[in-house]
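# Reading the structure
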Amino acid sequence: MKQAVRLDSPRDTQVWVATDGALPELVYWGPRLPDEEDLQALAHASEAPVPNGGLDLHERLSWLPEAGRGYTDAPGLALRRDGTRLLTAFGLVEVRVEASAVTWHSVDPVATLTLDLLLQGDPESHVFSASATLGNVGTRPLQVDELASGGLPVPATAAERLHLSGRWSAEFQAVREPLGSGTWSLEARTGRSSHHAYPGLVLLEAGTRATAGRAWSAQLSWSGNHSWRLLQTRWGPRLWQVGGLWLAGEIELQPGERFSTPVAHLLRTDSGLRELAMGWHDFVRRHVSPAVSTLATLQNRPVQFSTWEATYFDHDAGRLQALAEAAAELGVERFVMDDGWFRGRHHDRAGLGDWEPCPQRHPEGLAPLAVRVRRLGMRLGLWVEPEGVSPGSALLERNPHWCQRVDGRSPLLGRHQWVLDFGREDVQDWAVDWLAGLLRDAPIDFLKWDMNRDFAHEHGEHGRPVAAAHVRGVHAVMQRLRACHPALEIEACASGGGRADLGMMAQCARLWVSDCNDPLERIAMHGAALQFLPPERLGVHIGPALSHTTGRPTSMRARTLVAWFGHLGIEADPQAFTAEERDLLCTVVAAYRATRSRWYRLRSSRIDTGDPAIQALWAVTDDRTEGWLGLLATGRPQAGCPGRLPLPDLVAGRRYAVRPMPPWWPPRRGVKQGGALDDGAELRLFGRTLAESGLVLPSLWPGDACMLHVSETAMNTGSGADAGTVAHDGRATTFPS
């Protein structure tokens, strides 16, 4: 017996089939099927033969394949009771179908377990969201070693995978490679979602590019350990599993308790990587925002200043006052005081946990600084690291049992600090109390929440791992703070981008992508982050001329260009800028403030120039009336004569003006005679022409940057079938200039 259920968005359909009462398996995920489609026929058409040499039944690639039903590869569900492995064989009891959700309720009476699989569909962004809830209805505790959020067959035509790897100051490195043979897995075991394994993945057909080709993608809404697996089964088909990674002994369910996995979000497209990114941006904007009260702020991102690379720990009231005055003159609207403001914090070897303003630097507390900042027309933000604690702190002397540790062993240091156990309710209460006190004592409405070390010895007082409970505790503290202070914005930072994920995005208005402000490095990171996350939530700062993480000098044009495409900030001593740099920066900040209200629905992504030395970011307003093309040469271009770059996402039948955009013009010439755009003249072309034929790029020297502004002209004569059609692909025959 086959029980088939479909879930639709306006564009897509998923069909899941439960055979003979087993857990459901995905048999279709693609363009929306006709309402009259025969699901039983589809289910039978998807039935595979039973090969020789194995069991006399199908090894089904279900949501959670079970060894108890004959599955012989790595399962997504591994359980123990009394030290003995449980072989489950859940039986479907009920299927609850609602307008945009399906729940499969299953029971295993032998193992005394229940399992609810929930699939939800978002009718606006076409995202499907999957999670699992396991219940212990037995009389003895249950240990959960593995429980994936979901599993689905890898599409038959998928040939490549795209994931984001990296390290500190080099996060969000896009890695695209063939699926190959054998099993591929990616894990994060650092307690954070990590620098090296962003919790997102894309599967692609061969040849899929920005504007064409099929792609299937997933993101996990979780800020801790996680696991991704593309499992090559011994019979041939591949299984795609995603979920949290649970340490041995970490998840134990007492009789009557239930455990729910993080949510895995699924999205596909037939129109290339740019359209896939736009789908994720739309979903995050609609459903992964910290609070409705911050919506106006998300639409109108304030220009931000951070003291970190301007002062590090070396600041006092006088220096902060001078920095604030210089920042205000540049047009800054939020002044964020970074590390070093609290008792004993003159370096990174002490002070964490004792969160009182330094009596030498701030004898009257933080209120006087906040008042001075407000008088300059800015708001005050503050750096905090609530999860970290310094050895020898007064907090640990009072509460030594609050630290993550293994009995009999000294906790390992990371950045000269240990980690508090945020899975404890008393630690959560302490954090809420002192953070709320800071916000109460001074007009502070922004917290840069940092977390500067990986987990090690991540056990609690009871002797079991607490990594997952810690993450849930951090989220809970943030929720409680925002409930008491609805205007509060939180930025997620973890040694840069070590905890940038949808779990933190649900709590935080801003993500810090990387501690590296070198634009030649940052533009690739930003372009990769845009594959999953919207630009207005990604902090990008204009740093000093000499990068503090690469030691490389870069121009103000390059630094400001990359920051333009995110949430723009400044992280350098303005007093060290030249007069020319300050003038250029003031111009950029003024232009950013004048246009940012249109950026909340911006369609922004990296596009491929065909030359790895030329990075391009392309942003178009939601109504397709305006766009910005940023170009940065991260090395020496491969060709002496630049090629053409198609500009997708414009309306085919509308006419657009293409203009060089000061102050990122003119570029430094590396040729005898400039091309079509080098003379700075305006071009007027239809959206169809820009998408198909494109523009010949200006010649750039290494390190140089330029910007083009594209806007719909007042005299628009477009008509006919193309008038409302968005032009995506650039596959027309073109000829050398």
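Please read these numbers as outputs of a predicted model, since none were measured by experiment.

## Details of the overall build of the protein
The helix and strand inventory of the protein stands at 14 helices and 41 strands. Seen through its C-alpha atoms, the protein measures out along the principal axes to roughly 75 × 70 × 40 Å. Of all intrachain contacts in the protein linking residues separated by at least 6 positions in sequence, the fraction that spans at least 24 positions is 71%.

## Topic: the pairing of strand E16 (residues 215-221)
Of all seven residues making up E16, six are buried, and the element is well covered by its neighbours. Bridge count for strand E15 (residues 200-204) against E16 is five bridges, and the pairing is antiparallel. Residue pairing across strands places Leu203 opposite Trp216, the latter belonging to E16. As paired elements, E16 and strand E21 (residues 263-269) share seven bridges and run antiparallel to each other. Within the sheet, the bridge partner assigned to Ala215 lies in E21 and is Thr269.

## Considerations on the environment of Leu629
Summarising the element assignment, Leu629 is placed in strand E34 (residues 626-633). By relative accessible area, which is 1% here, Leu629 ends up buried. Apart from the residues lying within four places of it in its own chain, the contact partners of Leu629 are Phe565, Ile607, Ala616, Leu617, Trp618, Leu645, Leu647, Cys706, Met707 and Leu708.

## Observations concerning the sheet that holds strand E33 (residues 614-620)
Across the sheet, six strands lie side by side as E32-E33-E34-E40-E37-E38; this open sheet has antiparallel pairing. Only two strands of the sheet have a single partner each, and these edge strands are strand E32 (603-607) and strand E38 (683-686). The average undirected angle you get between the axes of adjacent strands in this sheet is 20 degrees. Judged from the five bridges that link them, E32 and E33 form a sheet pairing that is antiparallel. Paired with Ser604 across the strands is Ala619, a residue of E33. Running over the sheet, helix H2 (residues 273-287) touches E32 and E33 and is turned about 145 degrees from E32. The strands that helix H11 (residues 519-529) touches are E32, E33 and E34; relative to E33, the one it contacts most, it runs at about 50 degrees.

## Topic: the packing of helix H12 (residues 556-564) against helix H13 (residues 579-595)
One way to put it is that H12 packs onto H13 with a least axis distance of 10 Å and a crossing angle of 15 degrees. With respect to H13, the element H12 is oriented roughly parallel. Crossing of H12 against H13: the hand is right-handed. Two secondary-structure elements touch here, H12 through Met556, Arg557, Arg559, Thr560 and Trp564 and H13 through Glu581, Leu584, Leu585, Val588, Ala591, Tyr592 and Thr595. Partitioned by chemical class, the residues of the contact of H12 with H13 number seven nonpolar, two polar and three charged.

## Considerations on the nonpolar core
One finds Phe335, Trp341 and Trp564 to be the most contacted residues of the largest nonpolar core, which totals 112 residues. The residues contacting Trp341, other than those within four sequence positions of it, are His315, Trp355, Glu356, Pro357, Cys358, His362, Leu366, Leu382, Trp383, Val384 and Leu438. Judged by nonpolar contacts, the second largest core, of 55 residues, contains Val5, Leu23, Trp29 and Trp216.

## Thoughts on the sheet that holds strand E29 (residues 510-512)
The eight strands lie next to each other as E22-E23-E24-E27-E28-E29-E30-E31, forming a closed barrel whose pairing is parallel. Strand-to-strand twist in this sheet, taken as the mean axis angle between neighbours without regard to direction, amounts to 30 degrees. The sheet contacts of helix H8 (residues 425-441) involve strand E24 (379-384) and strand E27 (444-449), and relative to E27 the element is tilted by about 140 degrees. Sheet strands touched by helix H9 (residues 467-484): E27 and strand E28 (489-492). Its angle to E27, the strand with the most contacts, is close to 170 degrees.

## Overview of the pattern of salt bridges
For the coordinates displayed, the defined rule picks out 57 salt bridges. Residues Arg96 and Asp116 are paired through a salt bridge, measuring 4.0 Å at the closest nitrogen-oxygen approach. Placement of Arg96 in strand E6 (residues 91-97) and of Asp116 in strand E8 (residues 113-121) is noted, with a sequence separation of 20 residues between them. Looking at Arg96, the relative accessible area reads 32%, which means it is partly exposed. The closest approach of N and O atoms between Asp314 and Arg319, which form a salt bridge, is 3.5 Å. A residue is classified by how much of its surface remains accessible, and Arg319, at 29% relative accessible area, is partly exposed.

## Concerning H8
Taking 1.5 Å per residue as the helical rise, H8 with its 17 residues ought to reach 24 Å, and the 24 Å between its terminal C-alpha atoms agrees with that figure. Tucked inside the fold, the buried residues of H8 contact E24, helix H7 (394-398), E27 and H9.

## Looking at the confidence of the model for the protein
On average, residues of the protein score 93 in pLDDT, and 95% of them reach the 70 mark or higher. Contacts for the low-pLDDT stretch residues 730-737, under 50 throughout, to residues beyond four places or in other chains number 13 contacts.

## Observations concerning unusual backbone geometry
With an omega of 10 degrees, the peptide bond between Pro662 and Pro663 qualifies as cis. The residue Pro663 is located in the loop between strand E37 (655-660) and E38 in this model. Here the phi dihedral of Ser495 falls at roughly 50 degrees; this positive angle occurs in a residue that is not glycine. In this structure, Ser495 sits in the loop between E28 and helix H10 (502-505).

## Some words on the side chain of Asp12
Its location among the elements puts Asp12 in strand E2 (residues 12-19). Note on Asp12: relative accessible area 0%, which makes it buried. For Asp12, the side chain forms a polar contact with the side chain of Arg11, separated by 3.0 Å. In this structure, Asp12 is in contact with Leu7, Gly30, Pro31, Arg32, His126, Phe128 and Arg268, ignoring residues within four places of it in sequence.

## Looking at the pairing of E15
In terms of residue burial, E15 counts as a mostly covered element, since five of its five residues are buried. Along E15, one buried face is formed by Gly200, Val202 and Leu204 and the opposite face, lined by Leu201 and Leu203, is buried too. Pairing geometry for strand E12 (residues 160-167) and E15, over three bridges, is antiparallel. If you follow Glu160 over to E15, its bridge partner there is Leu204.

## Describing the environment of Ile614
Along the polypeptide, Ile614 turns up in strand E33. Separated by 30 residues in the primary sequence, Ile614 and Arg644 have C-alpha atoms spaced 12 Å apart. Leaving out residues up to four positions away in the same chain, Ile614 has contacts with Thr609, Leu631, Leu632, Ala633, Pro637, Leu697 and Leu700.

## Describing the packing of aromatic side chains
By the definition in use, this model includes 22 aromatic pairs. Both rings, one in Trp16 and one in Trp63, keep their centres 5.1 Å apart while their planes meet at 40 degrees; by these two values the pair is tilted. Of the two residues, Trp16 sits in strand E2 while Trp63 sits in the loop between helix H1 (39-45) and strand E4 (77-81), which places them 47 residues apart along the sequence. Judged by relative accessible area, which is 4%, Trp16 ranks as buried. For the pair Trp63 and Trp104, a centre-to-centre distance of 5.8 Å together with 70 degrees between the ring planes defines the contact as edge-to-face. Of this pair, Trp63 sits in the loop between H1 and E4 while Trp104 sits in strand E7 (residues 101-108), and the two are 41 residues apart along the sequence. Residue classification places Trp63 among the buried residues on the basis of a relative accessible area of 1%. Ring pairs connect the aromatic residues Trp341, Phe342, Trp355, Trp383, Trp402, Trp430 and Trp434, which therefore count as one cluster.

Calculation rules
Residues numbered from 1 in each chain as written. Predicted model: local features only at pLDDT ≥ 70, side-chain atom pairs only at ≥ 80, totals over all residues. Heavy atoms only, no water. Helix = DSSP H or I, 4+ residues; strand = E, 2+ residues; numbered from the N terminus. Contact = heavy atoms within 4.5 Å. Buried < 20%, exposed > 50% of the residue type's maximum accessible area, 1.4 Å probe, protein only. Pairing = 2+ DSSP bridges. Axes fitted to C-alpha atoms, helices over the stretch in contact; angles between N-to-C directions. Parallel < 35°, antiparallel > 145°, perpendicular 65-115°, else oblique. Left-handed = near helix turned anticlockwise from the far one by under 90°. Nonpolar A, V, L, I, M, F, W, Y, C, P; charged D, E, K, R; others polar. Core = buried A, V, L, I, M, F, W, Y, C linked by side-chain atoms within 4.5 Å. Salt bridge = Lys/Arg side-chain N within 4 Å of Asp/Glu carboxyl O. Expected span 1.5 Å × (residues − 1). pLDDT = per-residue confidence, 0-100. Polar contact = N/O pair within 3.5 Å; in protein donor to acceptor, adjacent residues only side chain to side chain. Phe/Tyr/Trp six-rings, centres within 6.5 Å; stacked < 30°, edge-to-face > 60°.

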